[in-house]
Amino acid sequence: GVQQPFEIMVSLGVKEKSFNLELSVFPNPANSIVNIQFNQNIVDNMSYQLYDMQGRLLKKQKLIALNTILDIEHLPSATYFLKVMNNQVAIRTFKIIKD
């Protein structure tokens, strides 16, 4: 599988508060689950959204732990897009391949 670590700098609010955020999404390709893992405490109002290739929203959920497990077993084999959001703003999009 391929792990995709990223360091993300995001400005939040008017005061230009910024933070470093490292996250990984693995395994990719995946069969039944995908892990969304942060390397440090996550910031308030973090969430993810899972979309199919036609842009339909399949699932969304708040991220409250350092490791979140996304169950994709019920989905057909295809390519999906996973958007990691902060305050409803996408900060990173991952392409997830389901075997």
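Residues numbered from 1 in each chain as written. Predicted model: local features only at pLDDT ≥ 70, side-chain atom pairs only at ≥ 80, totals over all residues. Heavy atoms only, no water.

(A) Local environment of the environment of E73. Residue position: E73 is located in the loop between strand 6 (67-71) and strand 7 (79-86). For the pair formed by E73 and S32, sequence separation is 41 residues and the distance between their alpha carbons is 4.0 Å. Residues within four places of E73 in sequence aside, it is in contact with N31, S32 and K98. (Helix = DSSP H or I, 4+ residues; strand = E, 2+ residues; numbered from the N terminus. Contact = heavy atoms within 4.5 Å.)

(B) Just the packing of aromatic side chains, in detail. In this structure the tally under the stated criterion is 0 aromatic pairs. Sitting above the plane of the Y51 ring, K83 keeps its charged end 5.2 Å from the centroid. One residue, R92, lies across the ring of F94, its end atom 5.7 Å from the ring centre. (Phe/Tyr/Trp six-rings, centres within 6.5 Å; stacked < 30°, edge-to-face > 60°. Lys NZ or Arg CZ within 6 Å of the ring centre and 35° of its normal.)

(C) Main features of the pairing of strand 4 (residues 46-51). Where burial is concerned, most of strand 4 is hidden: 6 out of the 6 residues are buried. Burial along strand 4 is two-sided: the residues M46, Y48 and L50 and S47, Q49 and Y51 are all buried. In this sheet, strand 7 lies alongside strand 4 in antiparallel orientation, the contact comprising 6 bridges. Paired with Q49 across the bridge in strand 7 is K83. Pairing of strand 4 with strand 5 (residues 57-62), which is carried by 5 bridges, proceeds in the antiparallel orientation. What sits directly across from Q49, in strand 5, is K60. Hairpin remark: strand 4 followed by strand 5, antiparallel, with 5 residues in the connecting loop; positive phi at G55, about 85°. (Buried < 20%, exposed > 50% of the residue type's maximum accessible area, 1.4 Å probe, protein only. Pairing = 2+ DSSP bridges.)

(D) Broad picture of the sheet that holds strand 4. As summarised here, the arrangement of the 4 strands in space is 5-4-7-8, forming an open sheet in which the pairing is antiparallel. Strands with a single pairing partner mark the edges of an open sheet, and in this sheet they are strand 5 and strand 8 (89-97). The sheet shows a mean angle of 20° between the axes of neighbouring strands, taken without regard to direction. (Axes fitted to C-alpha atoms, helices over the stretch in contact; angles between N-to-C directions.)

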